[in-house]
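Listed here are the chains, written in short residue letters.
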Amino acid sequence: VQLQASGGGLVQAGGSLRLSCAASGRTLKFNAMGWFRQAPGKEREFVAAISRSGDNTYYTDSVKGRFTISRDNAKNTVYLQVSSLKPEDTAVYYCAARGTSFTQPTMTASDYDYWGQGTLVTVSS
């Protein structure tokens, strides 16, 4: 499956964006999905994840209450609504898909088999 992330941009602190991760090649409905981010000079870190069914979602503590992950299997797309943005949220955001054997996502990047190219979110103070 090929993943295409989009929706990033330059936004002021406190602003919002909606990131999208669209799949091509085959359906995403059999994949648990995650969003990760990598800031300049830092390791890639987990942000949010959603189970294959969409019933379970997970967030890193720093984004809880500000970010929302969702999926629309009919559109073959996973979303990350990012709100109340802070300068420390500045990073390249990547979407990723687990293999179809797994119903649940994890917070570990190496557990994901497919990655999008990333979309840059820049938050100005």
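Residues numbered from 1 in each chain as written. Predicted model: local features only at pLDDT ≥ 70, side-chain atom pairs only at ≥ 80, totals over all residues. Heavy atoms only, no water.

Visitor: Please explain the environment of Arg52 as it appears in this structure.
Guide: Tracing the backbone shows Arg52 in the loop between strand S5 (45-50) and strand S6 (57-59). Between the C-alpha atoms of Arg52 and Ser24, which are 28 residues apart in sequence, the distance is 17 Å. Sequence-distant contacts of Arg52, that is, excluding residues within four places in its chain, are made with Lys29, Phe30, Asn31, Ala32, Arg71, Asn73, Thr100, Phe102 and Thr103. (Helix = DSSP H or I, 4+ residues; strand = E, 2+ residues; numbered from the N terminus. Contact = heavy atoms within 4.5 Å.)

Visitor: Please clarify how the side chain of Thr77 should be interpreted in this entry.
Guide: By the element assignment, Thr77 lies in strand S8 (residues 77-82). A distance of 2.8 Å separates a polar atom in the side chain of Thr77 from the backbone oxygen of Lys75. Setting aside its immediate chain neighbours within four residues, Thr77 contacts Ser20, Cys21, Ala22, Arg71 and Asp72. (Polar contact = N/O pair within 3.5 Å; in protein donor to acceptor, adjacent residues only side chain to side chain.)

Visitor: I tried to follow the sheet that holds strand S7 (residues 67-72) on my own but got confused; where do I start?
Guide: In a beta sheet, neighbouring strands are held together by backbone hydrogen bonds and run either parallel or antiparallel to one another. Here we have four strands laid out as an open sheet, ordered S1-S3-S8-S7, and antiparallel in their pairing. Of all strands in the sheet, those bounded by a partner on one side alone are strand S1 (2-6) and S7. Put simply, the sheet's adjacent strands are angled 15° from each other on average, direction ignored. Where strand S3 (residues 17-24) and S8 come together, six bridges link them in antiparallel fashion. What sits directly across from Leu19, in S8, is Leu80. (Pairing = 2+ DSSP bridges. Axes fitted to C-alpha atoms, helices over the stretch in contact; angles between N-to-C directions.)

Visitor: Teacher, can you tell me more about the pairing of S3 here?
Guide: Residues in a regular strand project their side chains so that they alternate between the two faces of the sheet. Alignment of S1 against S3, held across five bridges, turns out to be antiparallel. By the bridge assignment, Ser6 is partnered in S3 with Ser20.

Visitor: Whenever I open this one, the state of the cysteines confuses me. Can you help?
Guide: Throughout this description, disulfide means a covalent bond between two cysteine sulfur atoms. All told, the structure shown has one disulfide when counted by the stated rule. Disulfide partner of Cys21: Cys95, at an S-S distance of 2.1 Å. Residues Cys21 and Cys95 share a disulfide whose torsion about the S-S bond is about 70°; that sign makes it right-handed. In this pair, Cys21 is assigned in strand S3 and Cys95 in strand S9 (residues 91-97), connecting sequence segments 74 residues apart. Each member of the pair, Cys21 together with Cys95, is buried. (Disulfide = S-S within 2.5 Å. Buried < 20%, exposed > 50% of the residue type's maximum accessible area, 1.4 Å probe, protein only.)

Visitor: Can you walk me through the environment of Val82 in this structure?
Guide: In this structure, Val82 sits in strand S8. Using a relative accessible area of 1% as the deciding quantity, one classes Val82 as buried. Put simply, Val82 and Thr60 are 22 residues apart on the chain and 13 Å apart in space, counted from C-alpha to C-alpha. Excluding anything up to four places from it in sequence, Val82 contacts Gly15, Ser16, Leu17, Arg66 and Phe67.

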